[in-house]
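# Coordinate analysis (summary)
The residues making up each chain are set out below.
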Amino acid sequence: GQQLNQSPQSMFIQEGEDVSMNCTSSSIFNTWLWYKQDPGEGPVLLIALYKAGELTSNGRLTAQFGITRKDSFLNISASIPSDVGIYFCAGVDNNDMRFGAGTRLTVKP
Amino acid sequence: NAGVTQTPKFQVLKTGQSMTLQCAQDMNHEYMSWYRQDPGMGLRLIHYSVGAGITDQGEVPNGYNVSRSTTEDFPLRLLSAAPSQTSVYFCASSYVRDGELFFGEGSRLTVL
């Protein structure tokens, strides 16, 4: 099946720093989704991308749908302590949704 | 609206025991699914349902059964638990199969 490679696996940053993470695949997806999982909770959708090349923002978060349709990027600007959690990418194609392994973000005050 | 509700939140089983993880949603979603989350593996689909009376296997279905007798409920059954089934289980629902998923808070299962 389609495999998603999400990197980095974990990040330790200082409050105020910017964060970048990405997902790549050998297969094409029609939709890219980014979820955040707070400790002890279920994932919650942050951003959805539906078109190659699309750049979408949600507050301090910006995500891009790669032009090749095989990758996606998530940036967080000016991180704050509540950004802590696990960020998952998900690719969707033909009703099949696949998740990346997640990026665990730790923010030091 | 409560969204997606999962019970129990924590469970410890002995190898060979059976149990059912309950999942209910009050958003009238047609699509419901079960995932397991393991360190470094992300979320892997166990079973899913596109509507009442319809279920299908996901990526890792072995050792699990599901049924969908109503739109609201989608229980996950472990007939004979194994240590390899130690994991955090998430139920999720959406209007359509490739739509935004709404997740429950998770059920942490330990099989000894």
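Look up: the structure comes first, before these words.
My aim in this report is to walk through the structure given alongside it, one point at a time. (Residues numbered from 1 in each chain as written. Chains lettered and ligands numbered in written order. Predicted model: local features only at pLDDT ≥ 70, side-chain atom pairs only at ≥ 80, totals over all residues. Heavy atoms only, no water.)

## Describing the interface of chain B and chain A
Facing the 16 residues of chain B at the interface are 16 residues of chain A. At the boundary of chain B with chain A, total buried surface from both sides reaches about 1400 Å², with 56% on carbon and sulfur atoms. Among the residues of chain B in contact with chain A, B:Leu43, B:Arg97 and B:Asp98 are the three that bury the most area, contributing 32% of the side total. Close ionic contact of A:Arg98 with B:Glu59 constitutes a salt bridge, the shortest N to O distance being 3.5 Å. If you look at where chain B meets chain A, you find 2 residue pairs in polar contact (both at pLDDT 80 or more). (Contact = heavy atoms within 4.5 Å. Buried area = accessible area lost by both parts, 1.4 Å probe. Salt bridge = Lys/Arg side-chain N within 4 Å of Asp/Glu carboxyl O. Polar contact = N/O pair within 3.5 Å; in protein donor to acceptor, adjacent residues only side chain to side chain.)

## Notes on the pairing of strand S7 (residues 61-65) of chain A
Residue and element names in this part refer to chain A. Of the two faces of S7, only the one carrying Leu61, Ala63 and Phe65 is buried; Thr62 and Gln64 on the other face are not. Two strands pair when backbone bridges link them, and strand S6 (residues 55-58) and S7 are joined in this way by 4 bridges, in the antiparallel orientation. If you follow Asn58 over to S7, its bridge partner there is Leu61. Hairpin connection from S6 to S7: 2 residues lie between these consecutive antiparallel strands, with Gly59 at a positive phi of about 65°. Both S7 and strand S8 (residues 71-76) contribute to a ladder of 5 bridges, which runs antiparallel. When the bridges of S8 are listed, Thr62 appears paired with Asn75. (Buried < 20%, exposed > 50% of the residue type's maximum accessible area, 1.4 Å probe, protein only. Helix = DSSP H or I, 4+ residues; strand = E, 2+ residues; numbered from the N terminus. Pairing = 2+ DSSP bridges.)

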